[in-house]
Amino acid sequence: MSALRELAAFFLPLGLVGASIAVICAIVAGVALARGAAGLCGGATAVWIVGALLSVAAGFSGQWIPIAAAGAALLVALVLGALVRLASNRRPVRPERTETAPVATVRPRRSEGLGGASLGTVVVQR
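Here we summarise the structure given alongside this text. What you are looking at is a predicted structure, and each value in this text was computed from that prediction instead of being measured. (Residues numbered from 1 in each chain as written. Predicted model: local features only at pLDDT ≥ 70, side-chain atom pairs only at ≥ 80, totals over all residues. Heavy atoms only, no water.)

### Thoughts on helix α3 (residues 65-89)
Applied cut-off: Counting from the N terminus, the helices are DSSP H or I runs at least four residues long and the strands are E runs at least two residues long. Helix span is expected to be 1.5 Å times the residue number reduced by one. Here's how the labels work: a residue is buried when its accessible area is under 20% of the maximum for its type, exposed when over 50%, partly exposed in between, all with a 1.4 Å probe on protein chains only. Residues count as neighbours in contact if any of their non-hydrogen atoms are within 4.5 Å of one another.
The first and last C-alpha atoms of α3 sit 36 Å apart over 25 residues, in line with the 36 Å expected at 1.5 Å per residue. Buried residues of α3: Pro-66, Ala-70, Ala-73, Leu-74, Ala-77 and Gly-81, and no others. Elements in contact with the buried residues of α3: α1 (2-35) and α2 (38-55).

Printed below as a string of structure tokens:
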């Protein structure tokens, strides 16, 4: 039993560090989701998995709060990020200008072929 107590003294700080990594990554994932950066959100969620697995180590010392905090942080961050993204998409966007640009006319250009008069004149467009 003394070995279990000594290991618990090691696993609890390890679990707290893992939970803090998971919470930070959940915040990054939520902000990335709100901004529409899917790659960053996926990367932050992947690192969140590592932090959540480290927070499970606290369970060996009898503390399950770090893993619950890590899971709740990701859930809240993803829901809030999606809601912020939805709200930002509903804002009216400035109307675009309806000015038309002048259309450039294309005139054919005459050029001689490589063989001179025997090949004839070639019409080239720019």
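The rest of the description comes next.
### A short note on the packing of aromatic side chains
As a reminder, the rule being used: Here is the rule: rings of Phe, Tyr and Trp (six-membered ring for Trp) pair when centre to centre is within 6.5 Å. Planes less than 30 degrees apart are stacked, more than 60 are edge-to-face, and the remainder are tilted.
Following the criterion strictly, the structure yields 2 aromatic pairs and no others. Between Phe-10 and Phe-11, the aromatic rings sit 5.6 Å apart at their centres with planes inclined by 55°, giving tilted as the arrangement. On the basis of an interplanar angle of 40° and a centroid distance of 5.3 Å, the ring pair of Phe-11 and Phe-60 is categorised as tilted. Of this pair, Phe-11 sits in helix α1 while Phe-60 is found in the loop between α2 and α3, placing the two residues 49 residues apart along the sequence. An aromatic cluster of at least three residues, connected via ring pairs, comprises Phe-10, Phe-11 and Phe-60.

### Thoughts on α2
The criterion, for reference: The directions from the helix axis to the C-beta atoms form the arc being described.
Under the 1.5 Å per step criterion, the end-to-end length of α2 is 25 Å for 18 residues, consistent within 8% with the ideal 26 Å. Those residues of α2 not exposed but buried are Cys-41, Ala-44, Trp-48, Gly-51, Ala-52 and Ser-55. All buried residues of α2 project into a common sector of 100° when viewed along the axis, lining one side. Every exposed residue of α2 that faces more than 90 degrees away from the buried side is listed here: Gly-39 and Leu-53. Structurally, α2 contributes buried residues whose contacts are with α1 and α3.

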